[in-house]
Amino acid sequence: MSCWLVLAALPLSAAAAAGSPSELLDRADQQKFSDHDAFLLDLKQLERQRSALSPAQQQRLDYLLAWQAAFAGKYDESSRALRELIGRSKDPELVVRAKSQLIHNLFLGRHYEAAYTLAYELMAEMPQITNPAIRLAVTGQVIQMLSSQGQSDLALNYAHQLQQLFPSGKERCLADALTLKTELQRKTATASLGFQAAIDRCMAAKQAVFANSLRLDWADSLTDVGDPEQAIRMLKRAAPDILKSGYQFHMATLQAALARAYLAKGAITAARSSALRAVSLLGPDDQSQVNYAAEMAYEVLYRVAKKQGDSAAALGYHEHYMTQVQAASQEAKAQALAFQMVRQNVLEKKQKLEQLGRENQILQLRQSLDQKAAENNRLYILLLLVTLGFLALWAFRAKRLQLRFREQARRDSLTDTLVRRHFLELTGRRLAQLERNGDQACLLILDIDHFKAINDVHGHMQGDVVLKQVAKVSAEALRNVDLFGRLGGEEFGILLPGCTLEQGIELGERICRAIAANVVGLESGASIRVTASVGLTTTAQVGWALSALLAQADKALYCAKHDGRNRLRFCA
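Residues numbered from 1 in each chain as written. Predicted model: local features only at pLDDT ≥ 70, side-chain atom pairs only at ≥ 80, totals over all residues. Heavy atoms only, no water.

1. A closer look at the environment of Phe166
To keep it simple, the criterion reads: Numbering of helices and strands runs from the N terminus; a helix is a DSSP stretch of H or I covering at least four residues, while a strand is a stretch of E covering at least two. Buried means the residue's accessible area, taken with a 1.4 Å probe over protein chains only, is under 20% of the maximum for its type, while exposed means over 50%, and partly exposed covers the values in between. In what follows, residue pairs with any heavy atoms lying within 4.5 Å of each other are defined as contacts.
Inspection of the secondary structure assignment puts Phe166 in the loop between helix 8 (152-165) and helix 9 (169-185). Phe166 sits in the buried class, given a relative accessible area of 11%. Measuring from C-alpha to C-alpha, the distance between Phe166 and Ala133 comes to 9.8 Å, with 33 residues separating the pair along the chain. Residue contacts for Phe166: discarding those within four places in its chain leaves Pro132, Leu136, Glu171 and Arg172.

2. Section: the environment of Leu483
Here Leu483 is to be found in strand 2 (residues 483-488). You can call Leu483 buried: its relative accessible area is 9%. Sequence-wise, Leu483 and Thr427 are 56 residues apart; in three dimensions their C-alpha atoms are separated by 7.2 Å. Not counting residues within four places of it along the chain, the set of residues in contact with Leu483 comprises Leu418, Phe423, Leu426, Thr427, Arg430, Gly493, Ile494 and Leu495.

3. Let's talk about helix 4 (residues 75-88)
Operational definition: Take the number of residues in a helix, subtract one, and multiply by 1.5 Å to get its expected span.
Compared with an ideal rise of 1.5 Å per residue, which puts 14 residues at 20 Å, helix 4 spans 20 Å between its outermost C-alpha atoms and is within 8% of the ideal. Buried positions along helix 4 lie against helix 3 (55-71) and helix 5 (92-108).

4. Considerations on the state of the cysteines
Formally: Our working definition of a disulfide is a cysteine sulfur pair at a distance within 2.5 Å.
Evaluated as defined, the whole model comprises one disulfide. Cys173 shares a disulfide with Cys202; S-S distance 2.0 Å. Here the disulfide of Cys173 and Cys202 is right-handed, its torsion about the S-S bond being about 100°. One end of the pair, Cys173, is in helix 9; the other, Cys202, is in helix 10 (residues 192-204), with 29 residues separating them in the sequence. When sorted by exposure, Cys173 lands in the same class as Cys202, which is buried.

5. Focus on helix 6 (residues 112-124)
Over its 13 residues, helix 6 extends 19 Å from the first C-alpha to the last, a length consistent with the 18 Å expected when each residue adds 1.5 Å. For helix 6, every residue scored as buried is listed here: Tyr112, Ala115, Tyr116, Leu118, Ala119, Tyr120 and Leu122.

6. Quick word on the pattern of salt bridges
Applicable threshold: Basic side-chain nitrogens of Lys or Arg form a salt bridge, by our definition, when they fall within 4 Å of a carboxyl oxygen of Asp or Glu.
Enumeration over the complete set of coordinates arrives at 26 salt bridges. In this structure, Asp416 engages Arg411 in a salt bridge whose closest nitrogen and oxygen atoms are separated by 3.2 Å. Take Arg411: its relative accessible area is 33%, and that puts it in the partly exposed class. Between Arg479 and Asp482 there is a salt bridge, and its shortest N-O distance comes to 2.6 Å. Judged by relative accessible area, Arg479 falls into the partly exposed class, the value being 39%. Note on Asp482: relative accessible area 8%, which makes it buried. Connected via shared salt-bridge partners are Asp26, Asp29, Arg60 and Arg97.

7. Quick look at the confidence of the model for the protein
Formally: Confidence scores here are pLDDT values: one per residue, from the predictor, ranging 0 to 100.
Looking at the protein as a whole, its pLDDT mean stands at 83, while 87% of the residues score no less than 70. Considering only residues more than four positions removed or in separate chains, one finds that residues 13-18, a stretch of pLDDT under 50, has seven contacts.

8. Looking at the nonpolar core
Stated formally: For this analysis, a nonpolar core means a set of buried residues of the types Ala, Val, Leu, Ile, Met, Phe, Trp, Tyr and Cys, connected via side-chain atoms within 4.5 Å.
Counting 62 residues, the largest nonpolar core has Leu162, Leu214, Leu235, Leu254, Tyr298 and Val300 as its most contacted members. With eleven residues, helix 16 (residues 292-307) is the single largest residue contributor to this core. Beyond its immediate sequence surroundings of up to four residues, Leu214 is in contact with Ala177, Leu180, Phe195, Ala198, Ile199 and Cys202.

9. Structural notes on the sheet that holds strand 7 (residues 568-570)
So the rule is basically this: A pair of strands is treated as paired once DSSP finds two or more bridges between them. Helix axes are fitted to C-alpha atoms over the stretch in contact, other axes to C-alpha atoms as well, and angles between N-to-C directions run from 0 to 180 degrees.
Strand order in the open sheet formed by five strands is 2-3-1-6-7, and the pairing between neighbours is mixed. Across the chains shown, the open sheet's two edge strands, defined by having one partner strand only, are strand 2 and strand 7. Averaged over all pairs of adjacent strands, the angle between their axes in this sheet comes to 20°, without regard to strand direction. Sheet topology note: the strand 1 (residues 441-448)/strand 3 (residues 491-497) ladder contains seven bridges and is antiparallel. Looking across to strand 3, one finds that Leu443 is bridged to Leu495. Against the sheet, helix 22 (residues 501-517) touches strand 1, strand 3, strand 6 (532-538) and strand 7, its axis set at about 170° to strand 6.

10. Here we look at the packing of helix 11 (residues 208-224) against helix 13 (residues 248-265)
Worth spelling out the cut-off: Geometric relationships in this document are graded by angle, where less than 35 degrees denotes roughly parallel, more than 145 denotes roughly antiparallel, 65 to 115 denotes roughly perpendicular, and other angles denote oblique. Less than a right angle of anticlockwise turn of the near helix away from the far helix marks a crossing as left-handed, whereas a clockwise turn marks it as right-handed. Gly is placed with the polar residues, together with every amino acid not listed as nonpolar (Ala, Val, Leu, Ile, Met, Phe, Trp, Tyr, Cys and Pro) or charged (Asp, Glu, Lys and Arg).
Remark: helix 11 packs on helix 13, axes separated minimally by 10 Å, with the N-to-C direction vectors making an angle of 20°. By the angle class used here, helix 11 and helix 13 are roughly parallel. In this structure, helix 11 crosses over helix 13, and the sense of that crossing is left-handed. Two secondary-structure elements touch here, helix 11 through Val209, Asn212, Ser213, Leu216, Asp220, Thr223 and Asp224 and helix 13 through His250, Thr253, Leu254, Arg260, Ala261 and Ala264. Its residues placed into classes, the contact of helix 11 with helix 13 shows five nonpolar, five polar and three charged.

Right, here's the structure in full:
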């Protein structure tokens, strides 16, 4: 879960007389992240005193107002104010801060070509920037661009340099945040102590927004590695700080991350509630464009509706979810295209300068052109690095989509159970793990009775309805740790890890009763009852070899069929 940090907002240190407008401006600058409500009150007071402010102080106020507009998600409004400020300000440091914030706005506003062009311009001005906080902000923008485009090694190198340069305070908080976010891109942020220490430093420095961003990232990574309960606890602890900050993106992401963690835990009611809250926090523009919180929320709503058997709602949520996924892919392409255009512009300028150098024989002009060519070469190298980064991001997003489609291919589209190949693969691995741990397991093979007759009498489409209903009823009786797959036709396999013979018999008979008690409504208006036969075997009888378990379970299934169907049989 990554969002760009608002690096241009880092405050500057400045001395001011007590009670003066400069002191009020400095305090507002310091409180943007530590106490956003107090920051807003200071802004209102400064606006009331505008006529008493000097021109330089009015420009600082205009910068803070533009920053607040971006914080509230009004990127176009903020960008207009920043461009006007850049054009009239004589303060070099304020101009650099405004440009850094403008890069942030342009990127989030999806004006990629303008963002990258301005980034190269700002990097060219780096040698003239002496203020450490501003250099940190500019370097941070570059780190995030490189990291988001897959150039994690280079980005991490810059981030580590910042950590060494700033051992404490607000600057160290930002350096830690950049480092951990980059490590998440590289899948190396595995030590929870690193996250906790960074969060503690940010809270001590009163940089709650940076701390909240790290908490959201950490919780999402915990869900990814299979620890949703700890993710939920962390998100609930962070919720008061996130709500207090008023940062709409973090509030929506909090609910989406909770929904994702609840779903992973199996608490589908809580997952659905949190996902709906996340959607309600997103404006119409946020829902129609690329938004990570919206993508997570709609995916959860789709999966919950599917689990609850609400096909119409599932279809609607799936459409929203795929819109987000497709938009992300389109954004990656747009970014790559923007880089190509900027790169072409840089090359054209370089060629024009080289041509001018060849035509002009005046030494003074030649020296000037050589200097410009050197500057353009540096821009070209940076452009090449970032272009490679954006191409890597596009490949990463494509790989991510490929993995999602692969996961869908592992499940039977009709019954939402594991396909035979994937079921057998997972079962084999689970049995090997159980054998190492000395744990028991039961294997059941379930077969729908007289299924051929159902297809012959009612048709194959109605037979599909029966298959889905039997799979649904069976799945409801299983635990989260159980494996359930379709072996072929009307035959299903179930692996029950940590299950004794008695427990396996009880569960298998319960499934038989549930299927027999269920009335299947057909599209023709008719209804039928179906039964199933179950063959059971255990590792205690035949060992952990999958082939032996399948053979014994199949033998037991044959006995159940032979003894009159609609029953479970165990074969030692």
